[in-house]
Amino acid sequence: IDKCTSFFSVGEPRKYDPTFKGPIQNRGCTDIVCCILFIVAVLGYIAVGILAWSQGDPRKVIYPTDSRGQFCGQAGTPLEKKPFLFYFNIMKCASPMVLLEFQCPTTQMCVDKCPEKFMTLLKAYANRKDFDYYKNFCKEGVTNTMGIPEILKLGLCPAMLTPSKPFTRRCFPALGQKGGVITVGNNSHFDDGTGNMRDAKDLVDGVKNATVVIEARQVVMKIFEDYTQSWYWILLGLVIAMLTSLLFIILLRFLAGIMVWVMIAMVILVLGYGIFHCYMEYAALKGEPGSNVTLQELGFQTDFTVYLQIRQTWLAFMIILAIVEVIIILLLIFLRKRILIAVALIKEASRAIGHVMCSLFYPLFTFLLLAMVIAYWAVTAVFLSTSNEPIYKVFNETECEHSRKTCDPAVSFLTSQCPDSECLFAFYGGETVYHKYLIGLQFYNVFLFFWCANFVTALGQMTLAGAFASYYWAFVKPDDMPAFPVFSSLGRSLRYHTGTLAFGSLILSIIQIIRVLLEYLDHKLKGAQNKFAKFLLCCLKCCFWCLEKFIKFLNRNAYIMVAIYGKNFCTSARDAFLLLMRNMIRVAVLDKVTDFLLFLGKLLIVGLVGIFAFFFFSGRVKAFEDTAPHLHYYWVPILTVVVGSYLIAHGFFSVYAMCVDTLFLCFCEDLERNDGSAARPYYMSSTLHEILWKNKAEDPSASDEDVQLKQQHTPEDAT
């Protein structure tokens, strides 16, 4: 029995300590080994960034590359006025090798504009003016004295030109359709330059395979263009979200009870309006041609506006919003008594924030640090991915032993063995030690991104916890509080607990990187038929998702204990866990209900700003038709504003969430240390004492001893 009792023990309650006056000032450095490891890792991260910046070249992403590996349209080069890439024979792009090697086996060169008319080399050669025009699409060195066989043998000119249009800085045939027949330049047939007439549809496969290689870039470029057209409106939307969040927090400080109920009502109304709007769109599309197509039949489309023309899309939105609405209403009904207590707890948190007002602006500092981490990771990733060298390969039409082997364009190979072969740029790669370990450097970049981002988040949590703990353990508020509680707490965290922050964020980062690897494996195994492998992978993903949530919860409370007592991570995590286990009922019914109410506040701000962004960017409101920018995808700025608004609202509301968690943990400590007598008075306010003891007394699992203690020590005694 003793063994079982010790196994299920949740630790001994803390004893009364007359010297304890809140966050300990005389403390030492914790988790020094992890601090050193983190500093070494960050120095290595800086070294990886410097190496990537010295080797990488982002122009490889921005500009198309010709057969010599030169960038078309790059400023300050001879090709500055030649921004478009021209294919000598686009039909060779129909080869399946294009999809494997991501390069068309035909000469590619930079031109100032795409060809505008049909022309063969044979016909152009007979006319001086036409031949001068034709030479704009030929390599250097073509003269009027050279014969057609010599020009074609040396591969200096294409055999034909077709009317083309620039598409993502590449010249593709201007394909059209007339009477159900594929045309190019209004003609259904063309001369391929060898005297043969070909159907225009023969160009389709070549264009299709060539666009597969750049389809992702095309979408990215359109999205980038949308950002350039709408960035200031996106910025305005984020500023509105920030001002709305700040106003909401300030009102919550003075009108907590009213604002919480207004927030609940507004969330229900916003979701209700969303359901009504989806129904109106669903009804408006009735009878429209093509509106009854299912999402499965439509498949994936890069233009997301297509989905908004389908009734099934709006039906799905309506059902999702209705389910969310019903869940929220049911939760509000079943938790109505607990919500009253949680509202009172938020009021107490508002008083704490009122004494530490600068805590409301601390999320801006966290955003700045996170923006620096994200920017460093993104820039390093781009430079690492573009730090390869140009690789040239032998491309040919007939059999050749050198086919697809690497070659040097400056050195001619055996043309006698491969008379029609060419040494063309294939892709970017490399065989040096640096290039062999490039994938490892990318992995290191991702891992350090997670570690640094989690470290910044942990620093914010510990800083706010120390500030609010200073408020709670001040017997006379605010006289016993530090002059600048946030700055004092930030200084203690960085000076003494950098190692602890690094330790907690390292554990979380390892779990997150494992989740990323599992998602990568899941993506690779999507076409697999092994049901057991899919089931096992699904279970692993679920387990690591739960583990990540638990570690985040444990870390958060561990940082609160570190901010108060200054102990190392493992000791603080154990003490926090045991303290929460000894107060499990309070954690379940109070802390989580408060989190639910704060989540509704974030949902309200995102909903209001999202609705405004939708009507503005979609042009649904006539007043904004002339003001709103013309975009390829109007969902791009809408999603950006919605996600940004959530992050901003989360930043501001995280102050309240951290305040509630800190006050709750301090309250549990206070109950164990003190008994409310004159010799051992509570540090909590009379209001907080009444709130949480009321919850304890109403709890059916509360012991008789607890209830008697409640009756003995009323709120008046606590004062």
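Not measured: the values here are computed from a predicted model.

(A) A look at the overall build of the protein. Secondary structure summary: the protein contains 24 helices and 12 strands in total. Going through the 719 residues of the protein one by one, you find that 45% of them count as buried. Across the protein, every contact between residues at least 6 apart in sequence was considered, and the portion connecting residues at least 24 apart equals 73%. Only carbon and sulfur atoms are counted for the fraction: they give 65% of the accessible area of the protein, which is about 37,100 Å².

(B) Structural view of the state of the cysteines. Throughout the structure, instances matching the rule amount to 3 disulfides. In this model Cys72 forms its disulfide with Cys110; the gap between the sulfur atoms is 1.9 Å. Disulfide Cys72-Cys110: torsion about the S-S bond near -75°, hence left-handed. Note that Cys72 is positioned in the loop between α3 (59-62) and β1 (84-87) and Cys110 in strand β2 (residues 108-111), a separation of 38 residues in sequence. Residue classification places Cys110 among the buried positions, given a relative accessible area of 3%.

(C) The arrangement of the pattern of salt bridges in detail. For the structure shown, the criterion picks out 10 salt bridges. Lys541 serves as the salt-bridge partner of Glu519, at 3.7 Å between the closest nitrogen and oxygen. With Glu519 in helix α17 (residues 498-524) and Lys541 in helix α18 (residues 531-565), this residue pair connects regions lying 22 residues apart in the sequence. Given the relative accessible area of 23%, Lys541 is considered partly exposed. Where Arg574 meets Asp575, a salt bridge forms, and the shortest distance between an N and an O atom there is 3.2 Å. Each of the salt bridges in this network shares a partner with another, and the network as a whole consists of Arg128, Asp132 and Lys135.

(D) Summary view of the environment of Leu79. Relative to the helices and strands, Leu79 resides in the loop between α3 and β1. For the pair Leu79 and Asp112, spaced 33 residues apart in sequence, the C-alpha to C-alpha distance is 8.6 Å. Once you skip the residues sitting within four places of it in the chain, Leu79 turns out to touch Asp66, Gln70, Phe71, Cys72, Gly73, Gln74 and Cys110.

(E) Fine view of the environment of Ala265. Relative to the assigned elements, Ala265 resides in helix α9 (residues 256-284). Residue Ala265 is classed as partly exposed on the basis of its relative accessible area of 38%. In sequence terms Ala265 and Leu604 are 339 residues apart; their C-alpha atoms lie 9.7 Å from each other.

Rules used throughout
Residues numbered from 1 in each chain as written. Predicted model: local features only at pLDDT ≥ 70, side-chain atom pairs only at ≥ 80, totals over all residues. Heavy atoms only, no water. Helix = DSSP H or I, 4+ residues; strand = E, 2+ residues; numbered from the N terminus. Buried < 20%, exposed > 50% of the residue type's maximum accessible area, 1.4 Å probe, protein only. Contact = heavy atoms within 4.5 Å. Areas by Shrake-Rupley, 256 points an atom, 1.4 Å probe, with all protein chains shown as cover. Disulfide = S-S within 2.5 Å. Salt bridge = Lys/Arg side-chain N within 4 Å of Asp/Glu carboxyl O.

So far we have only geometry, and geometry alone does not tell us how the molecule works.
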